[in-house]
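Observations on the model geometry
Here's the letter readout for the chains.
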Amino acid sequence: MKIARRRFTTQKREMARTLVENRLSYINKFYNFKINRIAIKNTVTRWGSCSSKGNLNFNYKIIYLKPELADYLIVHELCHLGELNHSKRFWALVSKTIPDYQKINKELRRVHIKLI
Ligand SMILES: [Zn+2]
């Protein structure tokens, strides 16, 4: 029982990795940031995070999001490679590829509540 469950999770993790890597390589053609490592995690409270070393982390539940929201998450973490904060300059970076990011951010918050 335990093994079967773990396998299932690994499968989801792989799905999430494929999705994130595909979209990242596409979106990063625009930004050209240097990505160090991509990790897929099973965090309860976060969709994603970024470290100053250039590591991007994503929640595997990204596979359940509609493409618009998944792209926003990926752009958000990717832009932290340029600005490791939520300053005006950071949001200006995000808006270059997602002009209506505020609307999407709000929608994502609602989904987030449902997921938890
Ligand atoms: Zn952020």
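Calculation notes
- Residues numbered from 1 in each chain as written.
- Predicted model: local features only at pLDDT ≥ 70, side-chain atom pairs only at ≥ 80, totals over all residues.
- Heavy atoms only, no water.
- Donors = N, O, S within 2.8 Å, 3.2 Å for Na, K, Ca; no water.
- Buried < 20%, exposed > 50% of the residue type's maximum accessible area, 1.4 Å probe, protein only.
- Helix = DSSP H or I, 4+ residues; strand = E, 2+ residues; numbered from the N terminus.
- Contact = heavy atoms within 4.5 Å.
- Phe/Tyr/Trp six-rings, centres within 6.5 Å; stacked < 30°, edge-to-face > 60°.

This part is about the coordination of the zinc ion. The zinc ion binds to the protein through His76 (NE2), His80 (NE2) and His86 (NE2); the donor distances cover 2.0 to 2.1 Å. Going along the chain, you hit the donors of the zinc ion in the pattern H-x3-H-x5-H. Residue His86 is classed as exposed on the basis of its relative accessible area, which comes to 52%.

Within the fold, Asn28 resides in helix 1 (residues 2–31). Those residues in contact with Asn28 that lie beyond four places of it in its chain are Phe33, Ile35 and Leu78.

The description of an aromatic ring pair uses the distance of the two centres, along with the angle that the planes make with each other. Under the counting rule described, the total for this entry stands at 4 aromatic pairs. When the centroid spacing of 5.0 Å and the interplanar angle of 90 degrees are considered together, the rings of Phe30 and Tyr31 count as edge-to-face. Look at Phe30 and you get partly exposed, because its relative accessible area is 48%. For Tyr31, a relative accessible area of 10% corresponds to the buried category. Among the aromatic residues, those joined into a cluster by ring pairs are Phe30, Tyr31 and Phe33.

Just distances and angles here, no functional claims.
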